[in-house]
Protein chains: 2
Amino acid sequence: METLEVIGQRAREAKTELLLLGQKKKTEALYAVAEALVIHADEILAGNRKDTDAARENGMSEGLLDRLTLTVARIEAMAEGLRKVAALPDPVGSVLSMEKRPNGLLIGKKRVPLGCVGIIYESRPNVTSDAFGLCFKTGNAVILRGGSDAIHSNTAIVSVLRNALASCGISADAVQLLTDTSRETATAFMKLNQYIDVLIPRGGAGLIASVVRNSTVPVIETGTGNCHIYVDKDADFAMALEIIDNAKTQRLGVCNACESLVIHSSVLEEFFPQLVARLTAKDVVIRADARARAVCPQCEAATEEDFGKEYLDRLISVKTVDSLEEAIAHINWYNTGHSEAVITENYDTAMRFLEEIDAAAVYVNASTRFTDGEEFGFGAEIGISTQKLHARGPMGLEALTTTKYIIFGQGQVRE
Amino acid sequence: METLEVIGQRAREAKTELLLLGQKKKTEALYAVAEALVIHADEILAGNRKDTDAARENGMSEGLLDRLTLTVARIEAMAEGLRKVAALPDPVGSVLSMEKRPNGLLIGKKRVPLGCVGIIYESRPNVTSDAFGLCFKTGNAVILRGGSDAIHSNTAIVSVLRNALASCGISADAVQLLTDTSRETATAFMKLNQYIDVLIPRGGAGLIASVVRNSTVPVIETGTGNCHIYVDKDADFAMALEIIDNAKTQRLGVCNACESLVIHSSVLEEFFPQLVARLTAKDVVIRADARARAVCPQCEAATEEDFGKEYLDRLISVKTVDSLEEAIAHINWYNTGHSEAVITENYDTAMRFLEEIDAAAVYVNASTRFTDGEEFGFGAEIGISTQKLHARGPMGLEALTTTKYIIFGQGQVRE
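Here's a quick rundown of the structure. (Residues numbered from 1 in each chain as written. Chains lettered and ligands numbered in written order. Predicted model: local features only at pLDDT ≥ 70, side-chain atom pairs only at ≥ 80, totals over all residues. Heavy atoms only, no water.)

### A short note on the overall build of chain A
For chain A, the count of helices and strands is 15 helices and 16 strands. Taken against the 2.2 N^0.38 rule, which gives 22 Å for 415 residues, the C-alpha radius of gyration of chain A at 24 Å falls within 12% of a compact globule. C-alpha atoms of chain A, sized along the principal axes, occupy 70 × 70 × 35 Å. Across chain A, every contact between residues at least 6 apart in sequence was considered, and the portion connecting residues at least 24 apart equals 72%. Counting only carbon and sulfur atoms, one obtains 50% of the accessible surface of chain A, whose full area is about 15,700 Å². (Helix = DSSP H or I, 4+ residues; strand = E, 2+ residues; numbered from the N terminus. Rg over C-alpha atoms; globule rule 2.2 N^0.38 Å. Contact = heavy atoms within 4.5 Å. Areas by Shrake-Rupley, 256 points an atom, 1.4 Å probe, with all protein chains shown as cover.)

What follows is the structure, given as structure tokens:
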């Protein structure tokens, strides 16, 4: 395979071309690439079959195998994703502000592509076309590093993407795949500061931690969500039951699912048995602290570790508190900066919770499951940032852009 | 000294308090702290004298010694800096947008403090109060790690800051200083992800590179500027001479000074001798490529290395090009993403240069020296970002904030 240096150099050349491509040409290309995915579905399925055969031989679990497997319908969904991104407004090129300074300089702030984006992800091959679509729409070259499990699928998909771009007269190097999936190459990739402007890891907590630890390229941390719901003393119980049920069980393996409950002690006796009934009916195992177990002894005992855990499973932890202050302190200590909700009819409680909780998304009386680019109205999502720099919360197209200052002078010099 | 863990924990507690302090209280505290610096100038000067005595013994150069030395006037300037920041509008708490979604959820994006900021800097002790002022104004706790050369100055300044805060009834831990200036502690500090939200290095290229290489905390890279001026074939020569003279010689050791010239071959013979006369009269040494030296043989020969160099000195490199494309390619290859200017009367050239140059600030017909928070109208500056994430170009108070989504629901759950 090519050295990372060569791949980086190609991306650098492609990004210059992409910057000048223009909105119309980018949109046309995205529709053409979507069409190509459908036309070449057989080749993609053939690649995917090699991966799934190998995965089965290696004893991959059913859940992971399902994420890895492509079908005609899933390829059509990938194409539809590209068409949807093609139809979104292009954020690149707008001037966000322009001010005249006392010396006559006109200083504008213009939205521009980041340049070259690196994406490191795991076994889901649909990320390959999704990430390409979002990066291409925003004028960025992208270098993809997928998992070794999906290497044949990704190679086939990227080959279709590249050929389709070339057919549109656009540099195929707008999207490149690292075919060497060794750990050494991944680590070297994370230090390619000269060529890569930002790295976005998409996957489990282990992958993200590894990228944060090893990368010298700026990283946008996505992902893990130990999301809390706090049932206040002034909660509407019926609403609390609906929201907790939804946030815990509507989909289990997602980062915006609720993993931890905090309950005010004054409502524990009345509310908690109702909640236990509702959740156990859906096979959710409840791990509660001693005070909650005194009310419902059928619950398992929660350990310190449970309060900090993202289960991604039919499990939830329960902590009892005596005040809003204690609830906020508990959540700010254990949360991962993702999504937190309060259920209350009390105005002051709602406003204080919104003000004091430190997370990307803070809710009053709604399910944490809404933290999502689609639900927030962004039309697309490259991930959910749990860090504070650059982008926080669901990231749409704008998160893949930066700004530059453009300054119009008439010979000004500094005194 | 306390362990980093303890320092981090204290900052975490302080940041919660700062979040709730409110604009009025923060402003009053900044004025009180400014006053305290002036009142306790003697203690600060005594600490500073220990540092300068030691520095002299160790043979520190005059330039560095000057940066390290405090005077009553310099302490008054530090206080005045705090008063200026106190008077600026507080960016924290504004809701930047709020949209109603089809399901009735009201989703707002609110500006909030980053939380805890780490600053790693070198010998100038005035950075200590400047950085505190900007972080405090934006509701952030700050942990400072200054150079060992300035340890007694920094200890004295931070002691004044902390006592003044305590007198206002505010946690002194809003500002903490690492008194252990060992390399090991610095490296551990750069990995304190649990407590620090962002690290900002302020200093030379070596310091910044070390932070980028070692930090697992998100970094805002500031600093190095290999700034170019391109003299186009359609340049106004008189304007070009004024701007280049200003950008090179008005102040030498700053990141927005011009270090590299690019000249269109068609104006080389007429323009370059005028430029050489102007710059050599100011003792600037010119390192030019072969084509430029054919016109002015008195120039030194430029090597490849010169084109990439930030001299911070009376030196400038010259590259001859045959087209705008070649000029843009040269600048995009060698620049550090700081500030680049074109001198031209040609509309198309100006617009293409603004569009295609990849840098934080791109100028037409003005000196690169304007890239500065004060000059851009931000009222204060924590540094100039040369990276693309979060903030690019001069960073004012807003760069020390992030956003969070606040969501007002009425029991919404996800379908």
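On we go.
### Focus: the pairing of strand 6 (residues 198-202) of chain A
All names here are of chain A. Most of strand 6 is tucked away: four of the five residues are buried. Note: strand 3 (residues 116-121) against strand 6, five bridges, orientation parallel. If you follow Val117 over to strand 6, its bridge partner there is Val198. (Buried < 20%, exposed > 50% of the residue type's maximum accessible area, 1.4 Å probe, protein only. Pairing = 2+ DSSP bridges.)

### Some details on the pairing of strand 1 (residues 95-100) of chain B
Residue and element names in this part refer to chain B. Sheet topology note: the strand 1/strand 2 (residues 106-113) ladder contains five bridges and is antiparallel. Of the residues in strand 2, the one forming a bridge with Ser97 is Lys109. Counting the residues in the hairpin turn of strand 1 and strand 2 gives five residues, including Gly104, whose phi is positive at 95 degrees.

### Description of the interface of chain A and chain B
In this complex, chain A contributes 76 residues to the contact, which on the side of chain B involves 76 residues. Across the interface of chain A and chain B, roughly 6,100 Å² is buried in total on both sides, 55% from carbon and sulfur atoms. Interface area lost by chain A to chain B is led by Leu389, Tyr405 and Arg414 of chain A, which between them contribute 14%. Between the two partners, chain A and chain B, sit ten salt bridges. For the pair chain A and chain B, the interface holds 43 residue pairs in polar contact (both at pLDDT 80 or more). In terms of residues, the side of chain A that touches chain B owes the most to one element, strand 16 (residues 401-412) of chain A, which gives eleven residues. (Buried area = accessible area lost by both parts, 1.4 Å probe. Salt bridge = Lys/Arg side-chain N within 4 Å of Asp/Glu carboxyl O. Polar contact = N/O pair within 3.5 Å; in protein donor to acceptor, adjacent residues only side chain to side chain.)

### Quick word on the environment of Leu199 of chain A
All names here are of chain A. Mapped onto the fold, Leu199 is located in strand 6. Judged by relative accessible area, Leu199 falls into the buried class, the value being 0%. Placed 90 residues apart in sequence, Leu199 and Lys109 show a C-alpha to C-alpha distance of 24 Å. With sequence-adjacent residues up to four places away left out, Leu199 is seen in contact with Gly118, Ile119, Ile120, Phe189, Met190, Val211, Ser215, Val217, Pro218, Val219 and Ile220.

### Overview of the packing of helix 2 (residues 23-39) of chain B against helix 6 (residues 126-137) of chain B
Residue and element names in this part refer to chain B. In contact at an axis separation of 10 Å, helix 2 and helix 6 are set at 165 degrees when each is read in the N-to-C sense. The angle between helix 2 and helix 6 places the two elements in the roughly antiparallel class. Seen from above, helix 2 lies across helix 6 with right-handed handedness. On the side of helix 2, the interface is formed by Lys26, Thr27, Ala29, Leu30, Val33 and Leu37, while helix 6 contributes Ser129, Phe132, Gly133, Phe136 and Lys137. Taken together, the residues of the contact of helix 2 with helix 6 sort by class into six nonpolar, three polar and two charged. (Axes fitted to C-alpha atoms, helices over the stretch in contact; angles between N-to-C directions. Parallel < 35°, antiparallel > 145°, perpendicular 65-115°, else oblique. Left-handed = near helix turned anticlockwise from the far one by under 90°. Nonpolar A, V, L, I, M, F, W, Y, C, P; charged D, E, K, R; others polar.)

### Considerations on the sheet that holds strand 5 (residues 175-177) of chain A
All names here are of chain A. Reading across the sheet, the four strands line up as 5-4-3-6 and stay open at both edges, with parallel pairing between neighbours. Edge positions in the sheet fall to strand 5 and strand 6, since each of these pairs with one other strand and no more. On average, each strand axis in the sheet is tilted by 20 degrees relative to the strand beside it, whichever way the strands run. Here helix 9 (residues 205-214) sits on the sheet in contact with strand 3 and strand 6, set at roughly 160 degrees to strand 6.

### Digging into the pattern of salt bridges
All names here are of chain A. One pass over the structure, following the stated rule, counts 55 salt bridges over all chains. A salt bridge links Lys24 to Glu28, with the nearest nitrogen and oxygen atoms 3.2 Å apart. Of this pair, Lys24 and Glu28 are both found in helix 2 (residues 23-39), four residues apart, which corresponds to roughly one turn of the helix. With relative accessibility at 43%, the residue Glu28 sits in the partly exposed group. Linking Asp66 and Arg74 is a salt bridge whose minimum nitrogen-to-oxygen distance equals 3.2 Å.

### Some remarks on the sheet that holds strand 1 of chain B
On the basis of which strands lie adjacent, the open sheet formed by ten strands has the order 10(A)-9(A)-11(A)-8(A)-7(A)-12(A)-13(A)-16(B)-2(B)-1(B) and mixed pairing. Unpaired on one side and paired on the other, strand 10 (300-301) of chain A together with strand 1 of chain B mark the two borders of the sheet. Bridge count for strand 12 (residues 339-343) of chain A against strand 13 (residues 361-366) of chain A is four bridges, and the pairing is parallel. In the sheet register, Glu340 of chain A faces strand 13 of chain A, and the bridge partner there is Val362 of chain A. Where helix 11 (residues 265-280) of chain A meets the sheet, its contacts fall on strand 7 (227-231), strand 8 (258-264), strand 9 (285-288) and strand 11 (315-321) of chain A, and the angle it forms with strand 8 of chain A comes to roughly 150 degrees. In this fold helix 15 (residues 347-356) of chain A packs onto strand 7, strand 12 and strand 13 of chain A together with strand 2 and strand 16 (401-412) of chain B, with an angle of close to 150 degrees to the strand it touches most, strand 16 of chain B.

### Points about the packing of aromatic side chains
Applying the stated criterion to the full structure yields 14 aromatic pairs over all chains. Ring centres 6.4 Å apart and planes at 15 degrees place the aromatic pair Tyr230 of chain A and Phe353 of chain A in the stacked group. You can see Tyr230 of chain A sitting in strand 7 and its partner Phe353 of chain A sitting in helix 15, a full 123 residues away along the chain. Pair check on accessibility: Tyr230 of chain A and Phe353 of chain A agree, each one buried. In textbook terms, an aromatic cluster arises when at least three aromatic residues are bridged by ring pairs, as seen for Phe376 and Phe378 of chain A together with Tyr405 of chain B. (Phe/Tyr/Trp six-rings, centres within 6.5 Å; stacked < 30°, edge-to-face > 60°.)

### Digging into the relation of the copies chain A and chain B
With an RMSD of 0.0 Å, the fit of chain A onto chain B corresponds to turning through 180 degrees and sliding 0.0 Å along the axis. The superposition of one copy onto the other is thereby described by a two-fold rotation axis. Among all residues of chain A, the one whose C-alpha sits closest to the rotation axis is His390 of chain A, at a distance of 1.8 Å. (Least-squares fit on C-alpha atoms with pLDDT ≥ 70 in both.)

### Some remarks on the packing of helix 10 (residues 237-249) of chain B against helix 11 (residues 265-280) of chain B
Residues and elements named next belong to chain B. Axis separation between helix 10 and helix 11 bottoms out at 10 Å; the angle between their running directions is 40 degrees. Judged by the inter-axis angle, helix 10 sits oblique to helix 11. Considering how the two elements wind past one another, helix 10 and helix 11 form a crossing that is right-handed. Facing Phe237, Ala240, Leu241, Glu242, Ile244 and Asp245 of helix 10, the residues of helix 11 in contact are Val267, Glu270, Phe271, Gln274, Leu275, Arg278 and Leu279. Split by residue class, the contact of helix 10 with helix 11 holds eight nonpolar, one polar and four charged.

### Focus on unusual backbone geometry
Residue and element names in this part refer to chain A. One non-glycine residue with positive phi stands out, namely Asp283, at about 60 degrees. By the element assignment, Asp283 lies in the loop between helix 11 and strand 9. Given the relative accessible area of 57%, Asp283 is considered exposed. Despite not being glycine, Asn365 has its phi angle at roughly 55 degrees, a positive value. With respect to the element layout, Asn365 can be found in strand 13.

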